[in-house]
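Given next are the chains, with one letter for each unit.
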Amino acid sequence: MGFGTQNKVKAEGGMASMTDLVFLLLVFFIIMSTMSENNTPVDLPKPSEKLDPSKTNTTTTVIVTADNLYQIMSGQLDDAANPFNTKTEGGSYEQVKAFLVEQVEANPERKLKIAGSREAKYEAVFQILALAKNREWNPALAYD
């Protein structure tokens with residue numbers, strides 16, 4: 001009595017499809033390598049005006065310190081004319097607000113860059129963002 005099964009699965013794989021796939025990949029990479037030459041000419045736009053390297057940065061930057069105090073960097077002022085410069089400990093929001101409004105609105109672009117310490121409270125940064133939104137300035141957050 002032979003109870004063996006006649007339907008055995010063959011474990012052999014067809015190599016014809018594998019060689020076709022390898023051949024197609026080889027042709028693809030040969031064609032792509034010939035098309036990726038480094039001497040393809042690219043027409044870059046010419047600047048309409050010359051950039052002046054002596055032009056100072058006029059964007060006002062507010063730095064929120066770890067003590068939740070504000071320091072102001074302005075390209076329009078030197079450190080002696082700025083009471084809240086980076087060499088001082090800074091000032092509170094009420095102390096800095098009027099000076100900050102004056103500095104940002106003196107610039108026609110009305111840009112404000114906000115940088116903060118990781119230890120600063122969110123409320124300290126949001127106060128400056130709210131002021132920028134109410135005055136319709138262009139704030140940008142800077143972080144590391």
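Cut-offs and rules
Residues numbered from 1 in each chain as written. Predicted model: local features only at pLDDT ≥ 70, side-chain atom pairs only at ≥ 80, totals over all residues. Heavy atoms only, no water. Helix = DSSP H or I, 4+ residues; strand = E, 2+ residues; numbered from the N terminus. Buried < 20%, exposed > 50% of the residue type's maximum accessible area, 1.4 Å probe, protein only. Salt bridge = Lys/Arg side-chain N within 4 Å of Asp/Glu carboxyl O. pLDDT = per-residue confidence, 0-100.

Attention shifts here to the environment of Glu109. Mapping Glu109 onto the fold places it in the loop between helix H2 (93-106) and strand E3 (111-116). Using a relative accessible area of 44% as the deciding quantity, one classes Glu109 as partly exposed. Residues Glu109 and Thr59, spaced 50 residues apart in sequence, show a C-alpha to C-alpha distance of 8.3 Å.

On to the pattern of salt bridges. Side chains bearing opposite charge may pair, as long as their charged atoms lie close to each other. Applying the stated criterion across every chain, the model contains 3 salt bridges. With its nearest N and O atoms 3.6 Å apart, the salt bridge here joins Arg110 to Glu105. Two residues, Lys111 and Glu109, come together in a salt bridge whose shortest N-O distance is 3.8 Å. Note on Lys111: relative accessible area 37%, which makes it partly exposed. If you follow the salt bridges from partner to partner, you end up with Glu105, Arg110 and Arg135 in one network.

On average, residues of the protein score 79 in pLDDT, and 77% of them are at 70 or above. Averaged over each element, pLDDT in the protein is lowest for strand E4 (residues 138-142) (81) and highest for helix H3 (residues 122-135) (89).

Glancing now at unusual backbone geometry. The backbone of Asn68 sits at a positive phi, close to 60°, despite the residue not being glycine. Relative to the assigned elements, Asn68 resides in the loop between strand E1 (60-64) and strand E2 (70-73). Residue class for Asn68 comes out partly exposed when judged on its relative accessible area of 25%. Unlike most non-glycine residues, Glu136 shows phi in positive territory, near 60°. With respect to the helices and strands, Glu136 occurs in the loop between H3 and E4. Residue classification places Glu136 among the exposed positions, given a relative accessible area of 68%.

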